[in-house]
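# Summary of the model geometry
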Amino acid sequence: MQASSLQLNRLAVTLRPNSAIKTESTVASWKLALRKGENTMTLPIVELGSLDELWFQVAGTRCNLTCAHCFISCSPHNDSFGFLSFNEVERRLLESIKWGVKEFYFTGGEPFLNPDLVPILERTLDFGPATVLTNGTVLKPEWLERLRAAEQGSLYSLEFRVSIDGPTPELNDPIRGPRTFERALRGVEMLVQRGFLPIITMTRVWDDTDDDAVLGQFREVLRQHGYVRARLKVLPRLQLGAEANRTCGYSAADRVTAEMLVGYNTSQLVCQHSRVVTDRGIAVCPILIDSHEAILGQTLAEANHAFAITHGACATCYQFGAICTNPSATAEGGTRYRA
Amino acid sequence: MIFAFFGGIYNNHIAFKTAIADARQRGAERIFCLGDLGAFGPHPNRTCELIRAHEIEVVQGNYDHSIGHALNDCQCGYTDPRDNHFAQLSYDYTLANTSDEHRAWLRSLPTEIRFEVDGLRILLCHGSPRRTNEFLWESATSTQFLNKLCDDFACDLILGTHTGLHWQRSWGTFPTCPDSTGTLETCPTMNRHFINVGVLGRPENDGTTNVWYTMLRTGHDAGAGRSPLPCEVEFIPLAYDHDQLVREMTVEHLPNEFIETILTGWWTTCLEILPAKERRRGRW
Ligand code: SF4
Ligand code: SF4
């Protein structure tokens, strides 16, 4: 469905302390910049409508893998963002209550490299639903058993999103590394054996028109590994970080303009309803953490202001919608098939 | 006061008729329907006629908005192409078989109804107060989010439907809550509530053929000391002549996938949007 055809959306109500003031002052400063002639056109500004999802860059940029398409170039040695401690996450969870955050997401790097991750997820399940984005290669049975018990004792779902880029090692391994297909599938088996229903997340490294064939093949492979009702999610490639070197980066033409936002439903964009906790502060979205203007402040209140979506990656979001959230989270349902 | 709330009817006029009689027998003084009159089942005009004959108050669902305005689809926003395929078949059937007069009436329905009773500010919506087609799943909706909806929309009790699964949560609010543990559900004063009233249109993916609706009692009618809350919620499992529904669906050439759900109680489509806990309870 074209989400922009939805006539039913009501304006998100923002009654938070200071939100109106902050937004106005931000917009005013953009206008000031225009008057000085610094820009020839109005900027494509997206305001934070409501903070529905709070992300945690819980493993910083540290990962056991070095995928060729990683949009923030994570690796075993990338320390540009560090781990979040249990205390830091708990402090943010408490801070989040008055914002009415609906769901919490955990990403990295590889979240399970953070030694606090299991207690962090257990604690999060006191506050709301949690989703962890993992490459599936470092999972340990004792962690999964604890997490399964935590989920059963909670009102909320604990979702696992396991990244595997295609139904065969031939498709996946050149991108994610030798034997990663086999190791990630072993992770999926461990999850399924404990009753989890992981969402297999793939970056579309094949042609769009092959979607049906690739997904069908993937369902069959997963079935052979004991996962009979596989949940699948396809992500578009983000031409940032390592992926910019693998294929190509964004060109100057890949830009969202202010005119393109006229009549466009910005609630499809992650930055309209999310923020990210990192060890350097609160970032606008999980995609742009590497660019310096993405860090908006040190508190959720400071990060409650508009952002100009002038990056190349913003053009991908514009085209594909809320690419980061779970299908259950939005009516538009994550990646739209008919963009 | 005693209320009955019906969720999506999805053209299941047989369950609907049974539910009206059942709710009246249980003493319902006012009956509401929270929208989505059309979808999987047969003969959409019959549902509209029943609603209007029994003076049931209706909130407009996304389906009603779409049918009323003859849009291209139901605005559920499924992501799986198979889900969209089946959703489209029932949508096209419902659109083709709803009279112009009923479509005009569907267009005129309000997107929310508010009233105050026994000290409770009540808001009725379809999906959520902020968006008609927002899915509020029990396991994917934090209490703090519900609490903020009550703040933003100045109410104590929100009732919705849209997901097809009934559930209920009560919690306390600021300034006494939350305590240091951060949870709002363990508050001494549980003064806020969310209820998903379920749907009459199809079973709840639990392997039984019955459908669900909700009775709400407030003030003197609430619980005679049984409930610590200012209102009492009762979810009613409703048996109806589902074989008759299946016969009508077969004659109308509606998809076998939907007929199977009516007969088995297991959902066969639109599973992609379920969060883990809800998905695990089902069969597929
Ligand atoms: S894409 Fe994921 S698994 Fe691969 S290097 Fe980046 S963070 Fe690690
Ligand atoms: S990358 Fe996407 S989510 Fe991030 S600021 Fe740009 S449009 Fe928003």
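Residues numbered from 1 in each chain as written. Chains lettered and ligands numbered in written order. Predicted model: local features only at pLDDT ≥ 70, side-chain atom pairs only at ≥ 80, totals over all residues. Heavy atoms only, no water.

## Considering the overall build of chain A
The following threshold applies: Strands here mean DSSP runs of E at least two residues long; helices mean DSSP runs of H or I at least four residues long; both are numbered from the N terminus. Residue exposure (1.4 Å probe, protein chains only): buried if accessible area is under 20% of the type maximum, exposed if over 50%, otherwise partly exposed. Only heavy atoms matter for contacts: two residues are in contact if any of them lie within 4.5 Å across the pair.
Within chain A one finds nine helices and eleven strands. Of all 339 residues assigned to chain A, the portion counted as buried reaches 61%. Taking contacts inside chain A between residues at least 6 apart in sequence as the whole, the part at least 24 apart equals 74%.

## A short note on the overall build of chain B
Selection criterion: To get the radius of gyration, use the C-alpha atoms; to get the globule rule, take the number of residues to the power 0.38 and multiply by 2.2 Å. Using a 1.4 Å probe, the Shrake-Rupley method yields the accessible areas, and only the shown protein chains count as cover for residues.
Along its length, chain B carries nine helices and ten strands. Since a compact globule built from 284 residues should have a radius of gyration of about 19 Å, the 18 Å found for chain B is in line with a globular shape. On the principal axes, the C-alpha backbone points of chain B span a range of 55 × 40 × 35 Å. Within chain B, the fraction of its 284 residues that count as buried is 66%. For chain B, restricting intrachain contacts to residue pairs at least 6 apart in sequence, the fraction spanning at least 24 positions comes to 72%. Taken as a whole, chain B presents about 9,900 Å² of accessible surface, with 51% of it coming from carbon and sulfur.

## Considering the sheet that holds strand E8 (residues 192–196) of chain B
Strand-to-strand pairing in sheets goes through backbone hydrogen bonds, with the strands running parallel or antiparallel. Residues and elements named next belong to chain B. Threshold: By this definition, two strands are paired if DSSP reports at least two bridges between them. Under this scheme, a helix contributes an axis fitted over its contacting stretch, all axes are lines through C-alpha atoms, and angles between N-to-C directions fall in the 0 to 180 degree range.
One open sheet accounts for five strands, arranged E4-E5-E6-E8-E7; its pairing is mixed. At either margin of the open sheet sits one strand with a lone partner, and together these are strand E4 (113–117) and strand E7 (167–171). Looking at each pair of strands side by side, their axes are set apart by 15 degrees on average, direction ignored. Relative to E8, E7 is paired through five bridges, and the arrangement is antiparallel.

## Quick notes on the pairing of strand E2 (residues 53–57) of chain A
All names here are of chain A. Cut-off, in case you're wondering: Crossover handedness is defined here as right-handed if the route from the first strand over the helix to the second strand goes clockwise, with the strands pointing away from the viewer.
Where burial is concerned, most of E2 is hidden: five out of the five residues are buried. With respect to chirality, the unit in which E2 leads through helix H2 (residues 86–96) into the neighbouring parallel strand E3 (residues 103–107) is right-handed. Across four bridges, the pairing between E2 and strand E8 (residues 274–278) is parallel. Considered in E8, the bridge of Leu 54 is made with Arg 275.

## Notes on the site of ligand 1
Test applied: Definition of nearness: a residue and a molecule or strand are near each other if at least one heavy atom of the residue lies within 4 Å of the molecule or strand. In the scheme used here, Gly and all other residues not listed as nonpolar or charged are polar, with Ala, Val, Leu, Ile, Met, Phe, Trp, Tyr, Cys and Pro taken as nonpolar and Asp, Glu, Lys and Arg as charged.
Cys 63, Leu 65, Cys 67, Cys 70, Cys 74, Gly 109, Asn 135 and Arg 176 of chain A make up every residue found near ligand 1. Across the shell around ligand 1, the residue classes break down as five nonpolar, two polar and one charged.

## Side note on the packing of aromatic side chains
All names here are of chain B. Let me state the cut-off plainly: Pairing of aromatic side chains requires ring centres within 6.5 Å, counting the rings of Phe and Tyr and the six-membered ring of Trp. Pairs whose planes differ by under 30 degrees are stacked, by over 60 edge-to-face, and all others tilted.
On inspection of all chains with the given rule, the structure shows 20 aromatic pairs over all chains. Their ring planes at 25 degrees and their centres at 6.0 Å tell us that Phe 3 and Phe 5 sit as a pair that is stacked. Residue class for Phe 3 comes out buried when judged on its relative accessible area of 0%. Overall, the relative accessible area of 0% leaves Phe 5 in the buried class. A centroid spacing of 5.2 Å and a plane angle of 80 degrees characterise the contact between Tyr 10 and Phe 40, whose relative ring orientation is edge-to-face.

## Some points on the nonpolar core
The line we're drawing: Buried Ala, Val, Leu, Ile, Met, Phe, Trp, Tyr and Cys residues that are joined via side-chain atoms within 4.5 Å together make up what is termed a nonpolar core.
Counting residues in each nonpolar core, the largest one holds 94 residues, and the members touching the most others are Phe 56 and Phe 106 of chain A. Of all the elements, helix H6 (residues 180–193) of chain A adds the most residues to this core, at six residues. When sequence neighbours within four positions are dropped, the list of residues in contact with Phe 56 of chain A reads Leu 84, Val 89, Arg 92, Leu 93, Phe 104, Tyr 105, Phe 106, Thr 107 and Val 277 of chain A. By size, the runner-up hydrophobic cluster in this structure holds 47 residues, among which are Phe 16, Ile 56, Val 58 and Val 199 of chain B.

## Side note on helix H3 (residues 117–124) of chain A
Residue and element names in this part refer to chain A. Of all eight residues in H3, six are buried; the element is thus mostly enclosed. Turning to H3, its buried residues are Leu 117, Val 118, Ile 120, Leu 121, Arg 123 and Thr 124. Lining the buried residues of H3 we find H2, E3, strand E4 (130–134), helix H4 (141–152) and strand E5 (158–163).

## Overview of the confidence of the model for chain A
For the record, the criterion: Scored between 0 and 100, pLDDT is the confidence that the predictor attaches to each residue.
Averaged over every residue, the pLDDT of chain A is 83; the share at 70 or more is 83%. Here residues 331–339 of chain A scores under 50 on pLDDT; set against residues more than four positions off or in separate chains, the count is 46 contacts.

## Thoughts on the site of ligand 2
Inspection of the region around ligand 2 gives Val 270, Cys 271, Cys 285, Leu 288, Phe 307, Ile 309, Cys 314 and Cys 317 of chain A as its neighbouring residues. When grouped by side-chain class, the residues that make up the shell around ligand 2 number eight nonpolar, no polar and no charged.

## Some thoughts on the pairing of strand E5 (residues 120–124) of chain B
Residue and element names in this part refer to chain B. Taking burial as the measure, the five residues of E5 include four buried ones, the bulk of the element. Of the pairings in the sheet, the one linking E4 to E5 comprises five bridges and is antiparallel in character. Its bridge partner lying in E5, Glu 116 is registered against Arg 121. Direction of pairing for E5 relative to strand E6 (residues 157–160): parallel, over a ladder of three bridges. Bridge pairing in E6 places Ile 122 opposite Leu 157.

## A look at the pattern of salt bridges
As a reminder of what qualifies: Each salt bridge in this description consists of a side-chain nitrogen of Lys or Arg and a carboxyl oxygen of Asp or Glu lying within 4 Å of one another.
Throughout the structure, instances matching the rule amount to 30 salt bridges over all chains. The shortest N-O distance in the salt bridge between Glu 151 of chain A and Arg 280 of chain B comes to 3.0 Å. Of this pair, Glu 151 of chain A sits in helix H4 while Arg 280 of chain B sits in helix H9 (residues 276–281), each in a different chain. Close ionic contact of Asp 156 of chain B with Arg 121 of chain B constitutes a salt bridge, the shortest N to O distance being 2.9 Å. Placement of the pair is Asp 156 of chain B in the loop between helix H6 (143–152) and E6 and Arg 121 of chain B in strand E5, with a sequence separation of 35 residues.

## Notes on empty space enclosed by the protein
Residue and element names in this part refer to chain A. For clarity, the cut-off: Buriedness of a pocket was judged along seven lines, with at least five required to meet protein on both sides within 12 Å; pockets are open sets of points on a 1 Å grid over the protein atoms alone, cavities are sets where a 1.4 Å probe fits but cannot get out, and lining residues have an atom within 4 Å of a point. Grid points are joined across faces, edges and corners, and a volume is the space filled by probe spheres set on the points.
As enumerated under the stated definition, the model contains nine cavities of 30 Å³ or more in all. Of the pockets and cavities examined, the largest cavity occupies roughly 670 Å³. If you go around the largest cavity, you meet 33 residues; those closest to its centre are Phe 71, Thr 107, Leu 133, Ser 163 and Leu 235. Elements with a contribution of two residues or more to the lining of the largest cavity: E2, E4, E5 and strand E6 (199–203). In terms of residue count, the dominant contributor to the lining of the largest cavity is E6 (three residues). Looking at side-chain class alone, the lining of the largest cavity contains 17 nonpolar, ten polar and six charged residues.

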